[in-house]
Amino acid sequence: MTAPNLETKRLILRQWKEKDIKAFLKINSDPKVMEFFPSTLTEKESNKLAKRIIKELNEKEYGFWAVEVKNKASFIGFIGLHYQDFEAAFTPCIEIGFRLAFNYWNMGYGAEGSLAVLEYGFNKLNLDKIVSFTSEKNYRSIALMKKLQMQNNPKDNFEHPKLSKGHPLSKHVLYSLTKNEWMSKKAKLL
């Protein structure tokens, strides 16, 4: 089952195209975009990630969709849903994630695309809960999670198991949103 395209007023969230992979490398090698990841990605690492993303979109009803700005930019990054099963108190889970090119920050694209993804996740996939997490230092992503009305309980924050203990980025915050919370808040958000 292949994930369908999603559309908003300004965006198309779609399957990836071959040419997106090269543009994705630019995003993954930008230190500003990758500030809260352990490092920027090499071409090999970026291509491998793109292939995993494409595979998930082709095999599931969700994934990290390529984001296109209508009549403006054919690829600015990804927004979507991903199954996470690394060892943590809240896993396995479905997370909402986003990574956009720096030139497209602060234009509302992250929120606009994420709202469409939440709507799809809760109403089409019938998910009970969607989470998001990031380094506690990543204030921009945290601001987006709050804008999406996701909630943080400090007792749910965690040390990311894929980072060594004491790594500067290991402390992560967890935000979540349930279907019931979404249903009660979505009129204000959409």
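The rules behind these values
- For every chain, the first residue of the written sequence is number 1, and numbering continues from 1 along that sequence.
- Since the coordinates come from a predicted model, pLDDT governs what is reported: local features require at least 70, and pairs of side-chain atoms require 80 or more to be given and counted, while whole-chain, interface and lining totals use all residues.
- Note that water and hydrogens are dropped before the side-chain values are worked out from all heavy atoms of the structure.
- Helix numbering and strand numbering both begin at the N terminus, where a helix is a DSSP run of H or I of at least 4 residues and a strand a DSSP run of E of at least 2.
- Here the radius of gyration uses the C-alpha set of atoms, whereas the globule reference equals 2.2 Å times the residue count to the power 0.38.
- The criterion used for residue contact is that any of the two residues' heavy atoms lie within 4.5 Å.
- For this count, His and the chain ends are skipped, Lys and Arg are scored as positive, and Asp and Glu as negative.
- The location of each charge is read from NZ of Lys, CZ of Arg, CG of Asp or CD of Glu.
- Take the buried residues of types Ala, Val, Leu, Ile, Met, Phe, Trp, Tyr and Cys, join any two whose side-chain atoms come within 4.5 Å, and each joined set is a nonpolar core.
- Each residue gets one of three labels from its accessible area relative to the maximum for its type: buried under 20%, exposed over 50%, partly exposed in between, using a 1.4 Å probe on protein chains only.
- Within this analysis, patches are made of residues with over 30% relative accessible area and no salt bridge. Like charges are joined at 9 Å or less; nonpolar side chains (Val, Leu, Ile, Met, Phe, Trp, Tyr) at 5 Å or less.
- Only the protein chains shown count as cover for residues, and all accessible areas are computed by the Shrake-Rupley method using a 1.4 Å probe.
- Salt-bridge detection follows one rule: a side-chain nitrogen of Lys or Arg within 4 Å of a carboxyl oxygen of Asp or Glu.
- A pair of strands is labelled paired if DSSP reports no fewer than 2 bridges between them.
- Only the six-membered ring of Trp is used, alongside the rings of Phe and Tyr, when aromatic pairs are assigned; centres must lie within 6.5 Å, and planes under 30 degrees apart are stacked while those over 60 apart are edge-to-face, with the rest tilted.
- For a ring to carry a charge above it, either NZ of a lysine or CZ of an arginine must fall within 6 Å of the ring centroid while also lying within 35 degrees of the normal to the ring plane.

J.: Summarise the overall build of the chain; cite the residues concerned and give the values.
T.: Across its full length, the chain holds five helices and nine strands. The globule rule puts the C-alpha radius of gyration for 190 residues at 16 Å, and the 16 Å found for the chain is close to it. Overall, the chain is about 40 × 40 × 30 Å in size when its C-alpha atoms are taken along their principal axes. Within the chain, residue pairs in contact and separated by at least 24 positions form 64% of the contacts whose partners lie at least 6 positions apart. Treating the 31 positive side-chain charges of the chain as one cloud and the 21 negative ones as another, the clouds have centres 4 Å apart.

J.: Please give an account of the nonpolar core that cites residues and values.
T.: Membership of the largest hydrophobic core comes to 52 residues, with the highest contact counts inside it found for Trp16, Trp65 and Leu81. Residue contributions to this core peak at seven residues, all from helix H3 (residues 109-123). Apart from residues no more than four positions distant in its own chain, Trp16 is found in contact with Phe24, Ala50, Ile53, Ile54, Leu57, Phe64, Trp65, Ala66, Phe75 and Phe78.

J.: I'd love a proper account of a positive patch on the surface, names of residues and values included.
T.: A surface patch of positive charge is lined by Lys44, Lys48, Arg52 and Lys162. You can see Lys48 is positioned in helix H2 (residues 43-59). Residue class for Lys48 comes out exposed when judged on its relative accessible area of 55%.

J.: Tell me about the pairing of strand E4 (residues 73-84), and please be specific about residues and values.
T.: Extensive coverage of E4 is indicated by the burial of nine of its twelve residues. Relative to E4, strand E3 (residues 64-69) is paired through five bridges, and the arrangement is antiparallel. Bridge assignment links Val67 to a residue of E4, and that residue is Gly77. Connecting E3 to the antiparallel partner E4 that follows it, the hairpin turn spans three residues, and Asn71 within it adopts a positive phi of roughly 55°.

J.: Got a sec to walk through the packing of aromatic side chains? Specific residues and values, please.
T.: This structure, assessed with the given rule, holds 15 aromatic pairs. Judged by centre distance (4.9 Å) and plane angle (65°), the ring pair of Phe102 and Trp105 falls under edge-to-face. In this structure an aromatic cluster arises from ring pairing among Trp16, Phe24, Phe64, Phe75 and Phe78. Directly above the aromatic system of Phe102 lies the positively charged group of Lys32, at a separation of 4.7 Å from the ring centroid. Here Arg99 stacks its cationic end above the ring of Phe37, 4.4 Å away from the centre of that ring.

J.: Can you explain the pattern of salt bridges? Please cite residues and give values.
T.: Scanning the entire structure with this criterion turns up seven salt bridges. Lys60 is the salt-bridge partner of Glu56, the closest N and O atoms lying 3.5 Å from each other. Its relative accessible area of 8% is what places Glu56 among the buried residues. Assessed through its relative accessible area of 28%, Lys60 is described here as partly exposed.

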